[in-house]
Amino acid sequence: MGAVTDDEVIRKRLLIDGDGAGDDRRINVLLKGFVKWCNTPSSPEEGFTHYQRMLGTLAQCEFSMGKTLMVYDMNLREMENYETIYTNIEQNITSAHEKIAECKKEIQRAKRIRKNRQEYDALAKVIQQHPDRHETLKQLEALDKELQHLSHIKENVDAKLELRKKQFHVLLSTIQELQQTLEDDEKSDDDNDQGSPGTSGE
Amino acid sequence: MGPVELLHMSVYSQSFSPCGRFLAAGNGYGEIGLFSLSAALSPDSSPLSYRPVLTFTAHAGPVFCLSSSDLHLFSCGNGEVSAWSWSHLLKKNVKPVWTKRPDYKPGLQIPEINALMLRSRENVLVLGGGDNNLHLLDLETGAFTGVLAGHQDYIHCVCEREREGQILSGSEDGTVRIWDDRKSQSAHCIEVHKYEMCARPQLGRWISCLATDNDWMLCGGGPSLALWHLRSLSPTSVFPVNGCTRHAAFYQDMVLAVGDSPLVSHCMLGGDVKAQIPTSSPSLNCFQINDRSSEHRVLTVGGSSDHIDVFTNLSYRAFSLSF
């Protein structure tokens, strides 16, 4: 309290009411009027009017003081208001930051999904170019059946060929045997013929 | 670097540092330039922060490929591969940690190395180059462990299919070969130019870019850029990009492709081109997306000029770094 120097008091008073055209002047006038009222021996009406005037000036001073006090209160409340708005804005900023981070993650996820979808589409395009599996299976079955049928026929033909071969073999061997027998008979006939003229010639 | 050299410079390869704050770019003169991304992306950047922090001559020939592991930067040029330590480079110490040359058949020319890939799980470097073979360099022992032979012409690009442990290589002879870890012969050989959907016989049959996403593969070059399904080895969609694609990659749900036009093409997997963003070079060679750092997530594109365009938002070019 004692550290407040005169300089500061003077500076503050000059700042608030430097030109002496306001409350300061009123207080000075009141003070001077009071001193004059106390010292001048005038009539009771004059004294009364002077007294009334002083009361009026005092009321004006009180009014001005009340006004300043209210302004001070108002400023304090405005400050509080601004503080709340400030904290509100700060919270909004942090929540917006969080939302941005989440949205970035979402975007990454969406990009990955899009990439997967496109890979799927690309593969699907290639797969579409190849023929349907059912059709190929059916074609395979038909080919199998044909193959079986043809091999069946081949077996039959083979069996027939074998049979004919055997029959011809039998035929040929019988012919050979007959030929052999005929030759043998001829030879034995010849021998007999040769033997009998020999013995009849003696 | 005089103005004539700058005019004729091409940026062939790029790689981000493990911390994600620096970009190394290799050009046609054998130099590697280190750019500071944090300085270039900061709000108070000046034209000086778009110049390299450090430029040094790495090889006698052009640096066609760069790759970064957690500690080292690998670069290829003039038939040899060198490893540089990132921490040394950031302290401006430009001595390579080691330089190795694969065993080439004796001949007059030194085959160049066109593609370099780091397989982080097995700690193996795969080199593909002018001698039609893939050389595998084991980083732990430092020796060349194997040679994958099979291509008939030089190799343009290499990539890895991590889940199945396979290596894919694309070459000038028009084939993409899939090599399995356990055999030294190619498991599959896809002759891209034989598929009518993507063949462009008027341009040729070479494959200059490859990218995989485990089940899907992008390849292009002479034939159009197409998306292939690897399990069935069939092309699923063709991207209508003019010109030959030199580098392509999968990014989120899109495909990014650069080639011999000044545009970066953004395509959807279904085969339609969503956007084509112009850049400052007349033709583009390579691009990289900085996945290693979350605050400097940029796309950098380099081509036949001394500028490297930086995209902070994929839809437009923010600024250019220059050598």
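Please read these numbers as outputs of a predicted model, since none were measured by experiment. (Residues numbered from 1 in each chain as written. Chains lettered and ligands numbered in written order. Predicted model: local features only at pLDDT ≥ 70, side-chain atom pairs only at ≥ 80, totals over all residues. Heavy atoms only, no water.)

### Details of the overall build of chain A
Counted only if it meets this: Labels follow the DSSP assignment, with helices taken as runs of H or I lasting at least four residues and strands as runs of E lasting at least two, numbered in each case from the N terminus. Within these notes, the globule rule equals 2.2 Å times the number of residues to the 0.38 power, and the radius of gyration is based on C-alpha atoms. Exposure categories follow from relative accessible area, calculated using a 1.4 Å probe and restricted to protein chains: below 20% of the type maximum is buried, above 50% is exposed, and the middle band is partly exposed. Residue exposure ignores everything except the shown protein chains as possible cover, and the areas themselves are Shrake-Rupley values with a 1.4 Å probe. His residues and chain termini do not enter the charge count, which takes Lys and Arg as positive and Asp and Glu as negative. A single reference atom marks each charge: NZ on Lys, CZ on Arg, CG on Asp, CD on Glu.
The secondary structure content of chain A amounts to 4 helices and 0 strands. In terms of overall size, chain A is more extended than a compact globule, its C-alpha atoms giving a radius of gyration of 71 Å where 202 residues would be expected to give roughly 17 Å. With the C-alpha coordinates aligned to their principal axes, the bounding extent of chain A is approximately 230 × 35 × 25 Å. Here chain A holds 202 residues, and 7% of them are scored as buried. When the accessible surface of chain A is split by element, carbon and sulfur atoms take 59% of a total near 18,800 Å². Averaging the coordinates of the 29 positive side-chain charges in chain A and doing the same for the 38 negative ones gives two points 19 Å apart.

### Comments concerning the UniProt feature "coiled-coil region" (unreviewed entry) in chain A
Rules: UniProt positions are given in the numbering used here, feature names are shortened, and annotations may be inferred rather than shown by experiment.
Mapped onto this structure's residue numbering, the UniProt feature "coiled-coil region" (unreviewed entry) falls at residues 79–113 of chain A. Across residues 79–113 of chain A, helical content stands at 100% and strand content at 0%; the span's end C-alpha atoms are separated by 51 Å.

### Considerations on the UniProt feature "repeat: WD" (unreviewed entry) in chain B
As annotated by UniProt and renumbered to match this structure, "repeat: WD" (unreviewed entry) occupies residues 148–180 of chain B. Measuring from the first to the last C-alpha atom of residues 148–180 of chain B gives 10 Å, for a span that is 0% helix and 64% strand.

### Topic: the sheet that holds strand 21 (residues 245–251) of chain B
Sheet strands associate in pairs through backbone hydrogen bonding, adopting either a parallel or an antiparallel arrangement. Residue and element names in this part refer to chain B. This is how the line gets drawn: One bridge is not enough; two strands pair if DSSP finds at least two bridges between them. Only the stretch in contact is used when a helix axis is fitted, and all axes are lines through C-alpha atoms; the angle between N-to-C directions ranges over 0 to 180 degrees.
Sheet architecture is open: 4 strands sit in the order 21-22-23-24, paired in antiparallel fashion. Here the strands that pair on one side only, and so sit at the sheet edges, are strand 21 and strand 24 (273–278). On average, each strand axis in the sheet is inclined to that of its neighbour by 20°, with strand direction left out of account. As paired elements, strand 23 (residues 263–268) and strand 24 share 5 bridges and run antiparallel to each other. Considered in strand 24, the bridge of S265 is made with Q276.

### What about the confidence of the model for chain B?
Residues shown with low pLDDT carry predicted positions that ought not to be read at fine detail. This is how it is decided: Each residue carries a pLDDT score, the predictor's own confidence in it, on a scale running from 0 to 100.
With 100% of its residues at a pLDDT of 70 or more, chain B has an overall mean of 89. Averaged pLDDT values over the elements of chain B bottom out at 87 in helix 1 (residues 3–7) of chain B and peak at 93 in strand 1 (residues 11–16) of chain B.

### A word on the pairing of strand 3 (residues 31–36) of chain B
All names here are of chain B. Counting buried positions along strand 3 gives 6 out of 6 residues, so the element sits mostly inside the fold. The side-chain alternation of strand 3 yields two buried faces, one formed by E31, G33 and F35 and the other by I32, L34 and S36. One ladder, built from 5 bridges, connects strand 2 (residues 22–27) with strand 3; its direction is antiparallel. Within strand 3, the residue paired with A25 across the bridge is G33. Looking at chain direction, strand 3 and strand 4 (residues 54–57) are connected through 4 bridges and run antiparallel.

### With respect to the packing of aromatic side chains
Convention followed: Classification of ring pairs uses Phe, Tyr and Trp, with its six-membered ring standing for Trp, and accepts pairs whose centres are within 6.5 Å; under 30 degrees between planes counts as stacked, over 60 as edge-to-face, and the remaining range as tilted. Whether a charge sits over a ring comes down to the Lys NZ or Arg CZ being within 6 Å of the ring centre and within 35 degrees of the ring normal.
Counted under the stated rule, the structure contains 9 aromatic pairs over all chains. Here the aromatic rings of B:Y195 and B:W228 are separated by 4.9 Å at their centres, their planes lie at 85°, and the arrangement is edge-to-face. Of this pair, B:Y195 sits in the loop between strand 16 (186–191) and strand 17 (207–212) while B:W228 sits in strand 19 (residues 226–229), and the two are 33 residues apart along the sequence. Among the aromatic residues, those joined into a cluster by ring pairs are A:F34, A:W37, A:F48 and A:Y51. A cation sits over an aromatic face here: B:K100 above B:W98, 4.2 Å from the ring centre.

### Points about the interface of chain A and chain B
Put simply, the rule is: Only heavy atoms enter the contact rule, under which two residues are in contact if any of them lie within 4.5 Å. The term buried area means the drop in 1.4 Å probe accessible area that two parts suffer when joined, counted for both and summed. Here, a salt bridge means any Lys or Arg side-chain nitrogen found within 4 Å of an Asp or Glu carboxyl oxygen. Distance and chemistry together define a polar contact, namely a pair of N or O atoms within 3.5 Å, with one atom able to donate a hydrogen and the other to accept it when in protein, and with adjacent residues in sequence counting only for side-chain atoms on both sides. Each residue is assigned to one class: nonpolar for Ala, Val, Leu, Ile, Met, Phe, Trp, Tyr, Cys and Pro, charged for Asp, Glu, Lys and Arg, and polar for all the others, Gly among them.
Facing the 10 residues of chain A at the interface are 12 residues of chain B. Note on chain A versus chain B: buried area summed over both sides is about 1,200 Å², and carbon and sulfur give 53% of it. Per-residue buried area on chain A facing chain B is highest for A:K115, A:Q118 and A:E119; these three make up 40% of the total on that side. Counting the contacts that link chain A with chain B gives 2 salt bridges. For B:D213, the salt bridge identified is with A:K115, shortest N-O distance 2.5 Å. At the boundary of chain A and chain B, one finds 5 residue pairs in polar contact (both at pLDDT 80 or more). Partitioned by chemical class, the residues of the side of chain A that touches chain B number 3 nonpolar, 2 polar and 5 charged.

### Focus on the packing of helix 2 (residues 23–39) of chain A against helix 3 (residues 44–129) of chain A
Each pair of packed helices can be summarised by the angle the axes make with each other and by the distance between the axes. Residue and element names in this part refer to chain A. To keep it simple, the criterion reads: When an angle is under 35 degrees it counts as roughly parallel; over 145 it counts as roughly antiparallel; between 65 and 115 it counts as roughly perpendicular; any other value is oblique. Whether a crossing is left-handed or right-handed is set by the direction in which the near helix is turned from the far one by less than a right angle, anticlockwise for left-handed and clockwise for right-handed.
Between helix 2 and helix 3, the least distance of the axes is 10 Å, while the angle of their chain directions is 155°. Relative to helix 3, helix 2 is oriented roughly antiparallel. In this structure, helix 2 meets helix 3 at a crossing whose hand is left-handed. Residues D23, R26, I27, L30, G33, F34, K36 and W37 of helix 2 lie in contact with helix 3, whose contacting residues are G47, H50, Y51, M54, T57, L58, Q60, C61 and S64. Looking at the contact of helix 2 with helix 3, its residues break down into 8 nonpolar, 6 polar and 3 charged.

### Focus on unusual backbone geometry
Residue and element names in this part refer to chain B. Although it is not a glycine, N123 adopts a positive phi angle of roughly 60°. Positive phi is not limited to glycine here, since N132 has a value of about 65°. Here N132 shows up in the loop between strand 10 (124–129) and strand 11 (133–138).

### What to know about the nonpolar core
Rule in force here: Among buried residues, those of type Ala, Val, Leu, Ile, Met, Phe, Trp, Tyr and Cys that are joined through side-chain atoms within 4.5 Å constitute a nonpolar core.
Counting residues in hydrophobic clusters, the biggest one holds 26 residues, and the most contacted among them are B:I167, B:V176 and B:M217. Looking at this core element by element, the count peaks at 4 residues for strand 13 (residues 155–161) of chain B.

### A word on a negative patch on the surface
Put simply, the rule reads: Only residues above 30% relative accessible area that lack a salt bridge enter a patch, with like-charged residues linked at up to 9 Å and the nonpolar side chains Val, Leu, Ile, Met, Phe, Trp and Tyr linked at up to 5 Å.
A contiguous patch of negative charge on the surface is contributed by A:E183, A:D184, A:D185, A:E186, A:D189, A:D190, A:D191 and A:D193. Secondary-structure assignment places A:D184 in helix 4 (residues 133–201).

### Some words on the environment of A:L58
Residue and element names in this part refer to chain A. Here L58 is to be found in helix 3. Assessed through its relative accessible area of 39%, L58 is described here as partly exposed. On a C-alpha basis, the gap between L58 and L31 in space is 10.0 Å, while along the polypeptide they are 27 residues apart.

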